[in-house]
Protein chains: 2
Amino acid sequence: MTTLETGAGTLHVVGLGPGGPEHLTEAARLAIAESGVFFGYGPYLDRLALRPHQRRVASDNREELARARAALDCAVAGETVCVVSGGDPGVFAMAAAVCEAIEAGPESYRKVALNVVPGITAMLAAAARVGAPLGHDFAAISLSDNLKPWVLIEKRLRLVAQAGMAMALYNPISKARPHQIGTAFSVLREVLPGGVPVIFARAVGRADERIALMTLAEADPAQADMATCVIIGSAETRVVARPGLPPLVYTPRAAGARP
Amino acid sequence: MTTLETGAGTLHVVGLGPGGPEHLTEAARLAIAESGVFFGYGPYLDRLALRPHQRRVASDNREELARARAALDCAVAGETVCVVSGGDPGVFAMAAAVCEAIEAGPESYRKVALNVVPGITAMLAAAARVGAPLGHDFAAISLSDNLKPWVLIEKRLRLVAQAGMAMALYNPISKARPHQIGTAFSVLREVLPGGVPVIFARAVGRADERIALMTLAEADPAQADMATCVIIGSAETRVVARPGLPPLVYTPRAAGARP
């Protein structure tokens, strides 16, 4: 990235991956090393081992647009700024909020050199833990209805299930909306066989990781919390028992009747 | 991973990310360092800086199941084995092939300690390059009809477009099937507005990277080759012009009419 063309600074939007530092990429490490000011949700900033000259500005998880504007203001002033996201910044995270702020903001925001650094998103870390449940066509859907109507979420769940695709559900539950994931299971039970595997993957890669495998028929909403990514298989997803090891869950590369 | 419980060796299935070593995670680096034998498509193996005692077994990109069996045989014999994938091994890559081989193979395969190490998958590297086109609900669909009927692919394209979700298309074209991506565009034009942004992201992170942005109405299949990931926005995806910088493309976090 060059700052010479536009006169403004640089804004890195960096994905930290799902948990431990072992999922950080070298590109993320470099972007963090060269940044002077860090914006993000406190628990994500806590994962960074910053040096004394690096400043941090923590904010609440729900203040994404305000955080994006503050980071852009700082970059416009010529600083090298880093906004951090857990997982991948492009998947239900800060990259879209930064783009929204740029489009709606002053002309100076458009001159900032924006560098989005991808990370390991929760669904792919979760999938890796159990085998390959997203090994064929799949969708990623957020169950949060803060920014979209619930009827649209239900429509998407139905269409993706009718398409025979596996899916990963982000933001399955919150204090304000405790019924989202249970309602989603009810919708999906109308379309999918009861035997479809459901994986609750909580805090993958962290000390408090917890993985639970159930069928859609018996899936228990109480297994999900805010740190959980829920993966729903398709009718073709397989569970393979292994002696002395957890079962494997995978969706075969082949799908549907051959022509 | 422990090898003591089962008596068999370890099989790492590692994602190398989209291109340069800067997208490799520390977990991938560690798995590679401790492995003795490497299986994979030749160009992926070429990316590794192996030491003299580390053996490599290259195979053609289409021989995934045979490669998985060979790697499992090697692990059963007690070796620490590494199967490499470009991108993420759980997204249209080797993790599902290894799981299939385990399910269909001898009992000894089920005793192998399997460790899938996630990587940055092509669509997320491509999305990061242009902004956040997958910033809201999205799907990943392979256009290869080697292992599923084309009618199923068309059905999935239609349903995902009807759901108003962005999508990433893997394997958009091949020598044997040069018409896939063009046919997919025709199908999508029946459902989506012509102004929907289409991103052709070729070889992201490599020296021969090439990004092209078009509308769905004008999308040119000739922009895609085997190394291209194609991202189709939704009707809500935005393009933001920037002076002296490439345009940003993003899908807003908000979707649909508010209730």
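The following paragraphs examine the structure supplied in this document. This one's a predicted model, so the numbers in the text were calculated from it and none came from an experiment.

**Some points on the overall build of chain A**
Turning to step 1, where the next piece is worked out: From N to C terminus, chain A includes 7 helices and 13 strands.
Turning to step 2, where the next piece is worked out: Referenced to the eigenvectors of the C-alpha coordinate spread, the extents of chain A come out at roughly 55 × 45 × 40 Å.
Turning to step 3, where the next piece is worked out: Here chain A holds 259 residues, and the buried ones make up 60% of them.
Turning to step 4, where the next piece is worked out: Put simply, of all contacts in chain A between residues at least 6 apart along the chain, 66% involve residues at least 24 apart.

**Quick notes on the sheet that holds strand β6 (residues 131–132) of chain A**
All names here are of chain A.
Turning to step 1, where the next piece is worked out: Spatially, 3 strands are ordered β6-β13-β12 in an open sheet, and the strand pairing comes out mixed. Each of the sheet's edge strands pairs with one partner strand only, and the pair in question is β6 and β12 (238–242).
Turning to step 2, where the next piece is worked out: For β6 and strand β13 (residues 245–250), the ladder comprises 2 bridges, and the chain directions are parallel. Across the sheet, the residue bridging to G131 is V249, located in β13.

**Regarding the interface of chain B and chain A**
Turning to step 1, where the next piece is worked out: Taken together, the contacts link 82 residues of chain B with 82 residues of chain A.
Turning to step 2, where the next piece is worked out: Summed over both sides, the interface between chain B and chain A buries roughly 6,600 Å², with carbon and sulfur atoms accounting for 61% of that surface.
Turning to step 3, where the next piece is worked out: On the chain B side of the contact with chain A, L147, R156 and R253 of chain B bury the most area, a combined 11% of that side's loss.
Turning to step 4, where the next piece is worked out: Taken together, the connections running from chain B to chain A amount to 10 salt bridges.
Turning to step 5, where the next piece is worked out: At the junction of chain B with chain A, the criterion picks out 33 residue pairs in polar contact (both at pLDDT 80 or more).
Turning to step 6, where the next piece is worked out: It is helix α4 (residues 94–104) of chain B that provides the largest number of residues to the side of chain B that touches chain A, a total of 7 residues.
Turning to step 7, where the next piece is worked out: Partitioned by chemical class, the residues of the side of chain B that touches chain A number 45 nonpolar, 16 polar and 21 charged.
Turning to step 8, where the next piece is worked out: In terms of strand pairing, strand β7 (residues 138–142) of chain A meets strand β7 (residues 138–142) of chain B through 3 bridges, oriented antiparallel. Bridge assignment links A140 of chain A to a residue of β7 of chain B, and that residue is F138 of chain B.

The rules behind the values
Residues numbered from 1 in each chain as written. Chains lettered and ligands numbered in written order. Predicted model: local features only at pLDDT ≥ 70, side-chain atom pairs only at ≥ 80, totals over all residues. Heavy atoms only, no water. Helix = DSSP H or I, 4+ residues; strand = E, 2+ residues; numbered from the N terminus. Buried < 20%, exposed > 50% of the residue type's maximum accessible area, 1.4 Å probe, protein only. Contact = heavy atoms within 4.5 Å. Pairing = 2+ DSSP bridges. Buried area = accessible area lost by both parts, 1.4 Å probe. Salt bridge = Lys/Arg side-chain N within 4 Å of Asp/Glu carboxyl O. Polar contact = N/O pair within 3.5 Å; in protein donor to acceptor, adjacent residues only side chain to side chain. Nonpolar A, V, L, I, M, F, W, Y, C, P; charged D, E, K, R; others polar.

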